[in-house]
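What follows is each chain in one-letter form.
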Amino acid sequence: MKSDVYTKHPDPKKPANLDDYDRVYRSFDWKQARKEIDWFDGVTMNAAYNAIDRHTQTWRKNKIALYWEDEDGSTKQYTFEQLSLLSNKMGNILKDFGVTRGQRVFIFLPRVPELYISFLGILKIGAIAGTLFSAFQEQALADRLGNSDAEVVITNTELKKRIDKVRSKLPALKHIITIDSPDFATSMEHASDELHIAHMDPDEYAFMLYTSGTTGKPKGVVHVHRAILQEHMTAKWVLDLRDDDTYWCTADPGWVTGIAYEILGSWSCGVTAVVFAGRFDPKRWYQLLDKYKVTVWYTAPTAIRMLMAAGSALVKEFDLSALRHMCSVGEPLNPEAITWAIKTFDKPFHDTWWQTETGAISIANFPCLDIKIGSMGKPVPGIHAAIVDDTGRECKPNEEGHIAIKPKWPSMMHTIWRRPQKYKSYFEHGWYISGDRGMRDADGYFWFIGRADDVIKTAGERVGPFEVESALVAHPGVVEAGVIGKPDAMRGEIIKAFVVLTESQKSKVKSQKSADAFKEELSQYVKKHLAGHSYPREIEFIDKLPKTRSGKIMRRILKAKEMGLPIGDTSTLEEY
Ligand code: WT7
């Protein structure tokens, strides 16, 4: 691959945590990472204990673990010891509700401190934590809480209303804890801050996250306590976290990045973290970088492109001289964004590749390696990543194939909740097949090409077309719908829906104005019932959807038509 190269000039006085990639990659074995983690009696562990409590036995006890700032500017801060004690209290409250090892406790909260405290408390008592993005609406909530049979949900008064709407469909749900209620305040006050932290087998479940594929309902990807090993090592090697850093990860714990690199891996490294609970806003983001003197920043391409659009002049209003390392994840990071960063911040973003299923960074641009601009970098030591063809054979350099990883690795998902067949389907010919297409060049750098399936990535968020189609079809005016990701310069992709209307609805949308109004109504309908972030920004009415003879919607054809590309092989099509 031809590309521009950003050459690193490492400072010998301040070497990166991983300063000789090739040597470490050749010799590293995950057994060597064991000593980075605290074990109970040598065999059992707890990921939350490693993230927080172990630091209270060291000088970090009174170190700030969390600087928290809300949209309105109010702030709070917590030391490692405070997070340890508060999450102990949370663990005790859950125990009082009868929560036991292995039960599912879901968190449905915006990025408030209680979210982090709850997550840690759940893991500490050996229960399984699930996170729900705060934009989810009733359908998304019913799917996830229903499939997981969650016994407890931790939420706030406002978000609880959405759960109440679907509560009748959730027989397993016994308790809803509202963190802004007087009851909760009293419980926190009275709960003991001493807790026996559950000693977990490394392969016991710790947390789960729902994510989307092409078909079917969202899948519950389950991770184990052992994952902390890889989350820790990658936070150290890729994010290059050190004790004097102030680190800001902009992700939400509703998604895996917010769990692995805002809670587990980053705190395991003992870093001081910043959490901003507010919405994206370029000026505010620069203010935060300046105010907290952020040194390491982990964010996503859509945000970077939006910062680019806000212009470089704005950046100059702030003192960002503390920033020393910047990383990105979630969707392709376009070369322009890196070149802009070099011009504007005097340093590049380091692209990292991984997935909800891989549990931690798997391929990355390392601080000690030159960056081939546009590439995702090289595999993490201990990870055997490859490009393979349909038969599992490794491809030649620059040949396109599936991005695959050799099982197992410490942060690999351990199951898909209640769907063992689905879990099995990820593994073929001795490889984990990621669902992404890519290639590797002769120097061993990986390049992303695209998804192998119909999964949509909009503003870095993974959306399954089937969920959106189902939400649209629930509207009485809709017969059927086909949903695709349409390339978008800012958001990577936007959700576009092709919708077949009922005859009576068709007669109501004859004029342009009424058609536009109905499109808006459908967008709002999805927003209100499914999720605030996964609604179609573009809708087109269509007479008939292209389908296979067995009745499957051919989204590939909708996409080709949308992009003016050749439609390709249509021999299996119904009639088109
Ligand atoms: C999918 C996984 C893991 C953190 C958040 C995403 C896409 C991820 C990159 C990258 C191009 C990327 C892939 C992947 N993706 N990182 N650096 N370049 N695409 O987790 O929601 O499970 O999504 O995001 O398509 O399969 P996720």
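Residues numbered from 1 in each chain as written. Predicted model: local features only at pLDDT ≥ 70, side-chain atom pairs only at ≥ 80, totals over all residues. Heavy atoms only, no water.

Caption draft 1: Structural context of the overall build of the protein chain. Looking only at helices and strands, the protein chain has 18 helices and 28 strands in total. For the protein chain, the C-alpha radius of gyration of 24 Å lies close to 25 Å, the compact-globule estimate for 576 residues. Seen through its C-alpha atoms, the protein chain measures out along the principal axes to roughly 70 × 60 × 55 Å. Looking at the 576 residues of the protein chain, the share that counts as buried comes to 59%. Carbon together with sulfur atoms contributes 51% to the accessible area of the protein chain, which is approximately 23,200 Å² in total. Between the averaged position of the 77 positive side-chain charges in the protein chain and that of its 76 negative side-chain charges there is a distance of 2 Å. (Helix = DSSP H or I, 4+ residues; strand = E, 2+ residues; numbered from the N terminus. Rg over C-alpha atoms; globule rule 2.2 N^0.38 Å. Buried < 20%, exposed > 50% of the residue type's maximum accessible area, 1.4 Å probe, protein only. Areas by Shrake-Rupley, 256 points an atom, 1.4 Å probe, with all protein chains shown as cover. Lys, Arg positive; Asp, Glu negative; His and termini not counted. Charge placed at Lys NZ, Arg CZ, Asp CG, Glu CD.)

Caption draft 2: Local environment of the sheet that holds strand 3 (residues 75-79). Within the open sheet, the 9 strands sit side by side as 3-2-11-10-12-13-14-15-17. Their pairing is mixed. Both edges of this open sheet fall to strand 3 and strand 17 (378-379), since each of them pairs with a single strand only. In this sheet, strand 13 (residues 325-329) lies alongside strand 12 (residues 296-299) in parallel orientation, the contact comprising 4 bridges. Note that in strand 13 the partner of tryptophan 297 across the bridge is methionine 326. Lying on the sheet, helix 13 (residues 335-345) is in contact with strand 12, strand 13 and strand 14 (349-353); it crosses strand 14 at an angle near 145°. (Pairing = 2+ DSSP bridges. Contact = heavy atoms within 4.5 Å. Axes fitted to C-alpha atoms, helices over the stretch in contact; angles between N-to-C directions.)

Caption draft 3: Quick look at the domain arrangement of the protein chain. We note that the domain assignment places domain 1 (5-440) and domain 2 (456-563) within the protein chain. Placing the centre of domain 1 and that of domain 2 at their C-alpha centroids yields a distance of 31 Å. Summed over both partners, the interface of domain 1 with domain 2 buries about 1,800 Å², with 52% contributed by carbon and sulfur atoms. Broken down residue by residue, the surface that domain 1 buries against domain 2 is led by Gln137, Ser212 and Arg305, which jointly contribute 22%. (Domains from an automatic or database assignment. Buried area = accessible area lost by both parts, 1.4 Å probe.)

Caption draft 4: Representation of the pairing of strand 3. Relative to strand 3, strand 2 (residues 64-69) is paired through 5 bridges, and the arrangement is antiparallel. The partner of isoleucine 64 across the bridge, within strand 3, is threonine 79. Here strand 2 folds back onto strand 3, and the loop between the two strands holds 5 residues, one of which, glycine 73, carries a positive phi near 95°.

Caption draft 5: How the structure looks around the site of the ligand. Neighbouring the ligand are 18 residues, the closest being Thr352, Gln355, Thr356, Arg451 and Arg462. Residue aspartate 351 places a side-chain N or O atom 2.8 Å away from a nitrogen atom belonging to the ligand. With respect to the ligand, the side chain of arginine 451 contributes an N or O atom lying 2.7 Å from an oxygen atom. Look at the ligand: alone it shows 560 Å² of surface, and the protein chains cover 95% of it. For the shell around the ligand, the element with the highest residue contribution is strand 14, accounting for 3 residues. Class assignment of the residues belonging to the shell around the ligand gives a composition of 7 nonpolar, 5 polar and 6 charged. (Near = heavy atom within 4 Å. Polar contact = N/O pair within 3.5 Å; in protein donor to acceptor, adjacent residues only side chain to side chain. Nonpolar A, V, L, I, M, F, W, Y, C, P; charged D, E, K, R; others polar.)

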